[in-house]
Amino acid sequence: MMGIIILLNAIEIGIQTDATDPDHPIFETLNVFFVLVYIVELIIRIYYNRADFFNDAFNIFDCILVFKTIVETFIVSGSALKSLLSLRLVRMIRLIRLVRLLRFFRELWLVLTGIIAMLKTLAWVTLLLFSLTWVCAILLRLVLGKSTAWAFTTRQIAGPYEFFDPYEYFGTPWAGLLTLFQVTTQDNWMISVARPVCRIYPIMWLFFLPYLFITAYAILNVMLASIINNAIEAAKVSLADAERVRQFSFPGK
């Protein structure tokens, strides 16, 4: 239920940000309503968990958010500082509440846990992808960077795939790096890069296609598989923890 409340609050903040009159009373009323809900929810959780409540970092984070909201809504509101807090950038700080969704949606927490667990894999994949792309960019700089095959064609009179600026795309290793990143992301690479180049040098298909398959499919799919695997492992750990809590709470079952 609280997850839905937080989502509704985030939607309300977005609507308020885009409104012509962000200080309209209806927004202030909704803000007070959400603050009261957060206060009641926090009091109930503190009453239920007692001293154990403050042993959880998430709970302390919730307290800070609620305290900040109380100060903004009930203490500073109407004072001389209200003009500062009315800035949209400051109001966006309230979106930090979305972090609390991790407490209420287990699947969201599992996805985040999987992503965090695969950061090490992501670092190695990034290094591998950069190294491969950098080497290929240097090779293309030597092969195409100074090519004069398109020197007698201008953009104005060129037909389809007849014009190509080799220096713009492969004139430096950094330019080649960006061009190959365009190939990896498949961002208009066929029309702007592959077809003009392969029209003059058909053998370059033997470079572009393997490079695309290795970077866009093989390496990136390995990274995706790592995320899925880590999410599955996190789910197993979460289920095991839940089972231990259940056995501790109900030892006879």
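Thresholds applied
- Residues numbered from 1 in each chain as written.
- Predicted model: local features only at pLDDT ≥ 70, side-chain atom pairs only at ≥ 80, totals over all residues.
- Heavy atoms only, no water.
- Helix = DSSP H or I, 4+ residues; strand = E, 2+ residues; numbered from the N terminus.
- Buried < 20%, exposed > 50% of the residue type's maximum accessible area, 1.4 Å probe, protein only.
- Contact = heavy atoms within 4.5 Å.
- Areas by Shrake-Rupley, 256 points an atom, 1.4 Å probe, with all protein chains shown as cover.
- Phe/Tyr/Trp six-rings, centres within 6.5 Å; stacked < 30°, edge-to-face > 60°.
- pLDDT = per-residue confidence, 0-100.
- Core = buried A, V, L, I, M, F, W, Y, C linked by side-chain atoms within 4.5 Å.
- Expected span 1.5 Å × (residues − 1).
- Axes fitted to C-alpha atoms, helices over the stretch in contact; angles between N-to-C directions.
- Left-handed = near helix turned anticlockwise from the far one by under 90°.
- Nonpolar A, V, L, I, M, F, W, Y, C, P; charged D, E, K, R; others polar.
- Patch = residues over 30% accessible without salt bridge, like charges linked within 9 Å, V, L, I, M, F, W, Y side chains within 5 Å.
- Salt bridge = Lys/Arg side-chain N within 4 Å of Asp/Glu carboxyl O.
- Parallel < 35°, antiparallel > 145°, perpendicular 65-115°, else oblique.

- The name recorded for the protein chain in an unreviewed UniProt entry is Ion transport domain-containing protein, from Perkinsus marinus.

## Things to note about the overall build of the protein chain
Part 1 of the argument: On a plain count of helices and strands, the protein chain comes out with 12 helices and 0 strands.
Part 2 of the argument: Walking the protein chain from its N terminus toward its C terminus, one meets helices and strands in the order α-α-α-α-α-α-α-α-α-α-α-α.
Part 3 of the argument: Among the 253 residues that make up the protein chain, the fraction classed as buried is 33%.
Part 4 of the argument: Of the contacts made within the protein chain by residues no fewer than 6 positions apart, 70% connect residues no fewer than 24 positions apart.
Part 5 of the argument: For the protein chain, the accessible area works out to roughly 15,900 Å², and carbon and sulfur atoms hold 73% of it.

## Looking at the packing of aromatic side chains
Part 1 of the argument: Taken as a whole and assessed by the stated rule, the structure comprises 9 aromatic pairs.
Part 2 of the argument: Judged by centre distance (4.8 Å) and plane angle (55 degrees), the ring pair of W134 and W174 falls under tilted. Of this pair, W134 sits in helix α8 (residues 119-143) while W174 sits in helix α10 (residues 173-185), and the two are 40 residues apart along the sequence.
Part 3 of the argument: On the basis of relative accessibility, which here comes to 26%, the residue W134 falls in the partly exposed class.
Part 4 of the argument: A ring pair is formed by F164 and Y169, whose centres lie 5.0 Å apart and whose planes are at 15 degrees; its orientation type is stacked. Here the two residues F164 and Y169 agree in accessibility, since each one is buried.
Part 5 of the argument: Here the aromatic cluster, defined as three or more aromatic residues joined through ring pairs, consists of W189, F207, F208 and Y211.

## What about the confidence of the model for the protein chain?
Part 1 of the argument: Of the residues in the protein chain, 72% reach a pLDDT of 70 or more, and the chain-wide mean stands at 77.
Part 2 of the argument: Here helix α4 (residues 82-85) stands out as the element of the protein chain with the lowest mean pLDDT, 49, in contrast to α10, whose mean of 92 is the highest.

## Points about the nonpolar core
Part 1 of the argument: Core analysis: the largest hydrophobic core is formed by 21 residues, its most contacted members being L140, F170, L180, M204, F207 and F208.
Part 2 of the argument: Of all the secondary structure elements, the ones that give two or more residues to this core are α8, α9 (166-170), α10, α11 (189-200) and α12 (205-249).
Part 3 of the argument: Not counting chain neighbours up to four residues away, the residues in contact with L180 comprise T133, C136, A137, L140, F207 and Y211.
Part 4 of the argument: The next biggest cluster of nonpolar side chains, apart from the first, holds 9 residues, and it includes I6, Y38, F53 and C63.

## Examining the side chain of S147
Part 1 of the argument: With respect to the helices, strands and loops of the structure, S147 is situated in the loop between α8 and α9.
Part 2 of the argument: Setting aside chain neighbours within four positions, we find S147 in contact with P166 and Y201.

## Description of helix α2 (residues 25-49)
Part 1 of the argument: In a regular helix each residue adds 1.5 Å, so 25 residues correspond to 36 Å; α2 covers 36 Å between its end C-alpha atoms and thus fits that length.
Part 2 of the argument: Of the residues making up α2, those classed as buried are F27, N31, F34, V35, V37, Y38, E41, L42 and R45.

## Side note on the packing of α10 against α11
Part 1 of the argument: One can describe the packing of α10 onto α11 by two numbers: an axis separation of 10 Å at closest approach and a directional angle of 120 degrees. You can see that α10 and α11 cross each other, and the crossing is left-handed. Between α10 and α11, the residues in contact are T179, Q182 and V183 and W189, S192 and V193, respectively.
Part 2 of the argument: Residue composition of the contact of α10 with α11, by class: 3 nonpolar, 3 polar and no charged.

## Details of a nonpolar patch on the surface
Part 1 of the argument: Nonpolar side chains collect at one region of the surface, where V135, I138, L139, L142 and V143 lie side by side and expose about 460 Å² of accessible area between them.
Part 2 of the argument: Following the sequence through the fold, V143 ends up in helix α8.

## Notes on the packing of α8 against α10
Part 1 of the argument: Relative orientation of the contacting elements α8 and α10 amounts to 120 degrees, with a least axis distance of 8 Å. Considering the angle they form, α8 stands oblique to α10. Crossing of α8 over α10 shows right-handed handedness. Within the contact between the two elements, α8 uses F130, T133, W134, C136, A137, I138, L140 and R141 and α10 uses P173, W174, G176, L177 and L180.
Part 2 of the argument: Classifying every residue of the contact of α8 with α10 gives 10 nonpolar, 2 polar and 1 charged.

## A word on the environment of Y167
Part 1 of the argument: Tracing the sequence through the fold places Y167 in helix α9.
Part 2 of the argument: Note on Y167: relative accessible area 54%, which makes it exposed.
Part 3 of the argument: The spatial distance from the C-alpha of Y167 to the C-alpha of K146 is 6.8 Å, given a sequence separation of 21 residues.
Part 4 of the argument: Look past the residues within four positions of Y167 in its chain and what remains in contact with it is G145, T172 and A175.

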